[in-house]
Amino acid sequence: MSGVHGPIGGVRGPRVVSVNVGLPRAVPRGTGGDGGTGGGVGGEVMTAIWKEPVAGRVAVRRGNLDGDRQADLVNHGGPDKAVYAYTLEDLTWWAGELGRDVPMGAFGENLTIAGLDAAGVVVGERWSIGSARLQVAQPRIPCFKLGIRFADRSLPRRFATAGRPGIYLRVLVEGELGAGDAIDVTPGAPTAVGVSALARAYHGHDAGLAAAVLDAPDLPASWYDWARERTAPRRRGRV
């Protein structure tokens, strides 16, 4: 379902609060992991999940922001995961949930944003920020590196069930952006699927929403493959 986002939480309008970047680093593999998605123990793993806020204008490229990289280009990065956004409201929720400080960039997000109702974001809607033009592509599906970042094996599972997946964006027009910039949202198509709903369907194995995904525009090819796989038994049953 497509919609226009209005101000929330007393914020005048959607905006960027912080721009965060980071480079790959080797960290001990046994400091986190969920025990079920390849976390394992022992050795080291390369990750760029540690992001730090940067000042000034930051160039937005097709694959990422200047000063930012992804360590695992099979599961992270690429045109449909070029920029990751997470809301300040969700960071605040996690701080209460975890009983600890959760600084901007803690979830590996490139853009910490505020004043935008993440639950209403749909795939395909376009964000104009500074001189860059971005398009919502998909939700985040957590991996074991989130557990490493928080030194908490349960974090990937808790992230999956919390219904706060954050937003991956593709870059339509390169440009520059910075903290304080407004986010001008152009709604997605009437048949667009919500980012949060898509994440819930994935983790909950919701074949009903998977069927709707097949008619939704602007998703990466992997999501259509997932939807076809989820709905295949039902289609065969109607033959």
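Everything discussed here concerns the structure shown above.
Report on the accompanying structure. (Residues numbered from 1 in each chain as written. Predicted model: local features only at pLDDT ≥ 70, side-chain atom pairs only at ≥ 80, totals over all residues. Heavy atoms only, no water.)

A few words on the overall build of the protein chain. Of regular secondary structure, the protein chain possesses 6 helices and 12 strands. Taking all 239 residues of the protein chain together, 48% fall into the buried category. Restricting to contacts in the protein chain with at least 6 residues of sequence separation, those with at least 24 account for 75%. A total of about 10,700 Å² of accessible surface is found on the protein chain, and carbon and sulfur atoms cover 52% of it. (Helix = DSSP H or I, 4+ residues; strand = E, 2+ residues; numbered from the N terminus. Buried < 20%, exposed > 50% of the residue type's maximum accessible area, 1.4 Å probe, protein only. Contact = heavy atoms within 4.5 Å. Areas by Shrake-Rupley, 256 points an atom, 1.4 Å probe, with all protein chains shown as cover.)

As a further point, take the packing of aromatic side chains. In the structure shown here, the tally under the stated rule is 12 aromatic pairs. Among the aromatic residues, those joined into a cluster by ring pairs are Tyr84, Tyr86, Trp93, Trp94, Phe107, Phe150, Phe159 and Tyr168. The cationic tip of Arg140 hangs over the ring face of Phe159; the distance from NZ or CZ to the ring centre is 5.4 Å. Across from the ring centre of Phe150, 5.7 Å away, lies the NZ or CZ of Arg149, which sits over that ring. (Phe/Tyr/Trp six-rings, centres within 6.5 Å; stacked < 30°, edge-to-face > 60°. Lys NZ or Arg CZ within 6 Å of the ring centre and 35° of its normal.)

With that out of the way, let us pick up unusual backbone geometry. Note: most residues except glycine have negative phi, and most peptide bonds are trans. Phi is positive for Ala151, which is not a glycine, with a value near 50 degrees. By relative accessible area, Ala151 is classed as exposed at 58%. You will see that Asp218, though not glycine, has its phi angle at about 75 degrees, which is positive. Among the secondary structure elements, Asp218 is positioned in the loop between helix H5 (207-213) and helix H6 (221-238). By relative accessible area, which is 32% here, Asp218 ends up partly exposed.

This part covers the pattern of salt bridges. Taken as a whole and judged by the stated rule, the model has 8 salt bridges. Arg61 serves as the salt-bridge partner of Asp66, at 3.1 Å between the closest nitrogen and oxygen. Of the residues examined, Asp66 reaches a relative accessible area of 36% and is grouped as partly exposed. We classify Arg61 as partly exposed; its relative accessible area is 39%. (Salt bridge = Lys/Arg side-chain N within 4 Å of Asp/Glu carboxyl O.)

One open sheet accounts for 8 strands, arranged S4-S1-S7-S6-S10-S9-S8-S12; its pairing is mixed. Each edge of the sheet is formed by a strand with only one pairing partner; in this case those strands are strand S4 (52-54) and strand S12 (183-186). Direction aside, neighbouring strands of the sheet carry axes that sit 40 degrees apart on average. As judged from the 6 bridges shared by strand S9 (residues 132-139) and strand S10 (residues 167-173), these two strands associate in the antiparallel manner. From the neighbouring strand, Pro139 faces S10, where its bridge partner is Ile167. Against the sheet, helix H1 (residues 88-98) makes contact with strand S1 (15-21), strand S6 (83-87) and strand S7 (111-114), and its axis sits at roughly 60 degrees relative to S6, the strand it touches most. (Pairing = 2+ DSSP bridges. Axes fitted to C-alpha atoms, helices over the stretch in contact; angles between N-to-C directions.)

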